[in-house]
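Chain residues, written in single-letter form:
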Amino acid sequence: MTKKYKVVNKLRFTIFVVIMILLITTFANFALGLNTANSLTRLTYMDYEITDGDTLWTIAETYMTDVSDIREAVYELCQLNDIRAGELYVGMTIQIPIQSV
């Protein structure tokens, strides 16, 4: 013996089906990673040779104008080049991130 179901309210049934399809689609997108976005801005790197009197602070102020806090820019330069702020010497080459479109 099989049960037979009868749709009493077609509008409510249609709304239920549409909501379920939207939920399943949303969860599938999150599970498969289809919700990621790629930026149009790409980071490229410029080689900079340290001259007499250069500090990471002055380099960051000059070349990294997109960073609002100069301390963050200096930290980023240190992390990128695997150095500390006091380890600069004349002739040393470091990389500086430059945004390009």
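Model, not experiment: these values are computed from the prediction. (Residues numbered from 1 in each chain as written. Predicted model: local features only at pLDDT ≥ 70, side-chain atom pairs only at ≥ 80, totals over all residues. Heavy atoms only, no water.)

What about the overall build of the protein?
Next up, step 1: From N to C terminus, the protein includes 3 helices and 2 strands.
Next up, step 2: Looking at the protein residue by residue over its 101 residues, the buried ones come to 17%.
Next up, step 3: Long-range contacts, defined here as pairs at least 24 residues apart, represent 59% of the contacts in the protein between residues at least 6 apart.
Next up, step 4: In the form shown here, the protein has an accessible surface area of approximately 8,700 Å², with 58% of it arising from carbon and sulfur atoms. (Helix = DSSP H or I, 4+ residues; strand = E, 2+ residues; numbered from the N terminus. Buried < 20%, exposed > 50% of the residue type's maximum accessible area, 1.4 Å probe, protein only. Contact = heavy atoms within 4.5 Å. Areas by Shrake-Rupley, 256 points an atom, 1.4 Å probe, with all protein chains shown as cover.)

Points about the packing of helix α2 (residues 56–63) against helix α3 (residues 70–81)
Next up, step 1: With their axes 9 Å apart at the nearest point, α2 and α3 run at an angle of 110° to one another. The angle between the axes of α2 and α3 places the two elements in the roughly perpendicular class. Of the residues in α3, those touching α2 at Leu56, Trp57, Ile59, Ala60 and Glu61 are Ile70, Arg71, Ala73, Val74, Leu77 and Cys78. (Axes fitted to C-alpha atoms, helices over the stretch in contact; angles between N-to-C directions. Parallel < 35°, antiparallel > 145°, perpendicular 65-115°, else oblique.)

Brief notes about a nonpolar patch on the surface
Next up, step 1: On the surface, a nonpolar cluster with roughly 1,200 Å² of combined accessible area is contributed by Val7, Leu11, Phe13, Ile15, Phe16, Val17, Ile19, Met20, Ile21, Leu23, Ile24 and Phe27.
Next up, step 2: Within the element layout of this structure, Ile15 appears in helix α1 (residues 10–32).
Next up, step 3: Note on Ile15: relative accessible area 45%, which makes it partly exposed. (Patch = residues over 30% accessible without salt bridge, like charges linked within 9 Å, V, L, I, M, F, W, Y side chains within 5 Å. Salt bridge = Lys/Arg side-chain N within 4 Å of Asp/Glu carboxyl O.)

Some details on α1
Next up, step 1: In a regular helix each residue adds 1.5 Å, so 23 residues correspond to 33 Å; α1 covers 33 Å between its end C-alpha atoms and thus fits that length.
Next up, step 2: Just downstream of α1, Gly33 is the residue with a positive phi angle, here 75°. (Expected span 1.5 Å × (residues − 1).)

Points about unusual backbone geometry
A negative phi holds for most residues other than glycine; trans holds for most peptide bonds.
Next up, step 1: Its identity is not glycine, yet Asp82 carries a phi of approximately 55°, on the positive side.
Next up, step 2: Counting through the fold element by element, Asp82 comes out in the loop between α3 and β2 (93–100).
Next up, step 3: Exposure remark for Asp82: the relative accessible area of 70% places this residue in the exposed category.

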